[in-house]
Amino acid sequence: MSALDAHQRGGGVSCAICGAPALPLDGICVFCHAPLDKEDAPIELLDYLVERIPIAKVKRGHLNRGPITEVVFELGGRTLRARWNKEELEFHPPVLLTAWLDLLLSRLSDAAAGDADLRRAVLRSGWALR
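Rules of the game
Residues numbered from 1 in each chain as written. Predicted model: local features only at pLDDT ≥ 70, side-chain atom pairs only at ≥ 80, totals over all residues. Heavy atoms only, no water. Pairing = 2+ DSSP bridges. Helix = DSSP H or I, 4+ residues; strand = E, 2+ residues; numbered from the N terminus. Axes fitted to C-alpha atoms, helices over the stretch in contact; angles between N-to-C directions. Contact = heavy atoms within 4.5 Å.

(A) Region of interest: the sheet that holds strand β5 (residues 78–85). Pairing is antiparallel in the open sheet, where four strands are placed in the order β3-β4-β5-β6. The two strands at the open ends of the sheet, each matched to only one other strand, are β3 (57–60) and β6 (88–92). Neighbour to neighbour, the strand axes of the sheet diverge by 15° on average, direction disregarded. Judged from the six bridges that link them, strand β4 (residues 68–75) and β5 form a sheet pairing that is antiparallel. The partner of E70 across the bridge, within β5, is R83. The strands touched by helix α2 (residues 45–52) are β3, β4, β5 and β6; relative to β4, the strand with the most contacts, the crossing angle is about 45°. Docked against the sheet, helix α3 (residues 97–112) engages β4, β5 and β6, running at close to 140° with respect to β5.

Right, dumping it as structure tokens:
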């Protein structure tokens, strides 16, 4: 089964604390900083981010239906993008997945300082502010 097929079907390992896909950065959850002993493929990552970040701009398949194919975040004058290209997730800026997530969360934390709705969304998700 391809990563995109698995993405469409769902499933995977999550952080026991915040419920995010289990994506460790130096052994801790990139989202909430809880210790992680397992790692998950980022199959449900875009869905997870869109559910929790109200400023996400989402693209879906043909006629804007089906699974999410791209998510764009405009934060602090910068654009962060994640998109499925065939069976792989691509990131802009082009860095490793956990580094991209850490950058996204840092920018979200900065933006949340001046936006009460965004701050509530980040805190409700159980993520550690940067």
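There's more to say after this.
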